[in-house]
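# What the coordinates show
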Amino acid sequence: MSKTKVLLVDDEVDFATTLAERLQIRDYEAAAVCCPDEALESVKNDPPDVVLLDLKMPGTDGVEVLKKIKQISPASEVILLTGHGSEQSAAEWAAVGAFDYAIKPADIDSIVKKLERAMEKRLK
Amino acid sequence: MNSRDLQLAFIGRILSCYTHEVNNYLAIIKETGGLMKDIVRIKKGKIADEKQFFGLIDGVEEQIGRATAITDYLNRFAHRMEKGVTTVSINDLIDELLALMGRLAYRKRLTFRKELGSGLPEAVLDPNLFHYLLFCILDSRMCDLDRNGVVCVGSSFSDGCYRIKVCTEGARIAAPGASESEQSAGRHEAASALDATVSETGGESVITIPVKQSN
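For clarity, every value in this text was computed on a predicted model and none was experimentally measured.

## Regarding the overall build of chain A
Within chain A, the secondary structure is distributed over 5 helices and 7 strands. Element order for chain A, N to C, with α for helix and β for strand: β-α-β-α-β-β-β-α-β-α-β-α. Its C-alpha atoms give chain A a radius of gyration of 13 Å, near enough to 14 Å, the size a compact globule of 124 residues would have. Along the first, second and third principal axes, the C-alpha set of chain A runs to 35 × 35 × 30 Å. Residue burial in chain A is summarised as follows: out of 124 residues, 41% are buried. Excluding contacts between residues fewer than 6 apart, the proportion of contacts in chain A whose partners are at least 24 apart in sequence is 59%.

Shown next, in the form of structure tokens:
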């Protein structure tokens, strides 16, 4: 069985690369990019199974990036990374195509669970 | 919004800048610590790549250093609120505010440049009002500025007055900030309480504060 392909998008380079490495240790094919343009290019060239997308990046609205990702690759699931979330914002994000969200700093086990659930949805 | 609401909103924005900043540092520290644990687990306690391990520890120390620095700025900002009029260094106040507003600038892909004069005498004023006034001016200038712009803040002292100049470099955005008129009212009130004048010429704002003797 092929590895789950995860794309991490976060302007905090250290955060993105470290989390990617931790996911690689857990047998995910994880890559990290630091800006939305790079993310969209990567989704276009090699659509990931799941995108972990930081909601707040400089000079951009994460929700707009989410919409563009879903336009390019509707099958890719997107999990938003945010400093704070609520039931209301979760519903708003789901309405524009987000699969789920995780609050930073998130526990690796909870991220892995969300990735597994995203893959279950993809394989249905 | 009345002036008290505007000042509370200002404090709220400064606090959210701080919490976002520190939350990012904590997220990096958490992931780095987690990765170190993962490495030890995989190697069953034997650290094969010491260089990588020490690199991770250095990374943690760097993030702690950044979090400590911004916490120090917030701490000073908070303690200044306990006092009213006091003797302060104008340059320290500018330094503090720019450090705390760093996240706002970063989010808009803007940078701050400081051109602080040396040898300015200490000022006798209410630092909270000064911070609020400067914040209003910076915020409105930042609203007008497109990505990759530079906000320059300078300070000088001459003819018995402190002068704080704010100017910008880079492309302007057509739409001004939504809260411009409200901010303008708050700005005038703070300037009046500080006995300061604010002049706006072209792309430049100058706060002029006459020197006051401490009682």
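## Focus on the domain arrangement of chain B
Residues and elements named next belong to chain B. Partitioning chain B into structural domains gives domain 1 (3-80) and domain 2 (86-210). The straight-line distance from the C-alpha centre of domain 1 to that of domain 2 is 28 Å. Across the contact, 15 residues belong to domain 1 and 13 residues belong to domain 2. Sorting the residues of the side of domain 1 that touches domain 2 by element identifies α1 (3-42) and α2 (50-80) as the ones contributing at least two each. In terms of residues, the side of domain 1 that touches domain 2 owes the most to one element, α1, which gives 9 residues. For the side of domain 1 that touches domain 2, the per-class residue count stands at 9 nonpolar, 3 polar and 3 charged.

## Considerations on the sheet that holds strand β3 (residues 50-54) of chain A
Sheets are built from strands that pair by backbone hydrogen bonding, the pairs being arranged parallel or antiparallel. Residue and element names in this part refer to chain A. Ordered by their spatial adjacency, 5 strands build an open sheet running β2-β1-β3-β6-β7, and the pairing between neighbours is parallel. A strand with exactly one partner marks an edge of an open sheet, and here the two such strands are β2 (29-33) and β7 (100-103). Strand after strand, the sheet turns through a mean of 20 degrees between neighbouring axes, direction not considered. Its contacts with the sheet put helix α1 (residues 13-25) on β1 (5-9) and β2, and the angle it makes with β2 is roughly 175 degrees.

## Notes on the pairing of strand β4 (residues 150-158) of chain B
Residues and elements named next belong to chain B. Taken together, the 6 bridges between strand β2 (residues 111-116) and β4 define a ladder with parallel strand orientation. Bridging from a neighbouring strand, L116 pairs with S155 of β4. Between β4 and strand β5 (residues 161-169), which pair antiparallel one after the other, the connecting turn spans 2 residues, and D159 there sits at a positive phi close to 50 degrees.

## So, the environment of A191(B)
Residue and element names in this part refer to chain B. Here A191 is to be found in helix α6 (residues 180-193). For A191, a count of 21 C-beta atoms within 10 Å translates into the label buried. With 57 residues separating them in the primary sequence, A191 and L134 have C-alpha atoms 9.6 Å apart. Ignoring sequence-local partners within four residues, the contact set of A191 consists of L133, A196, T197 and V198.

The rules we used
Residues numbered from 1 in each chain as written. Chains lettered and ligands numbered in written order. Predicted model: local features only at pLDDT ≥ 70, side-chain atom pairs only at ≥ 80, totals over all residues. Helix = DSSP H or I, 4+ residues; strand = E, 2+ residues; numbered from the N terminus. Rg over C-alpha atoms; globule rule 2.2 N^0.38 Å. Buried ≥ 20, exposed ≤ 12 C-beta atoms within 10 Å, placed from the backbone. Contact = placed C-beta atoms within 7 Å. Domains from an automatic or database assignment. Nonpolar A, V, L, I, M, F, W, Y, C, P; charged D, E, K, R; others polar. Pairing = 2+ DSSP bridges. Axes fitted to C-alpha atoms, helices over the stretch in contact; angles between N-to-C directions.

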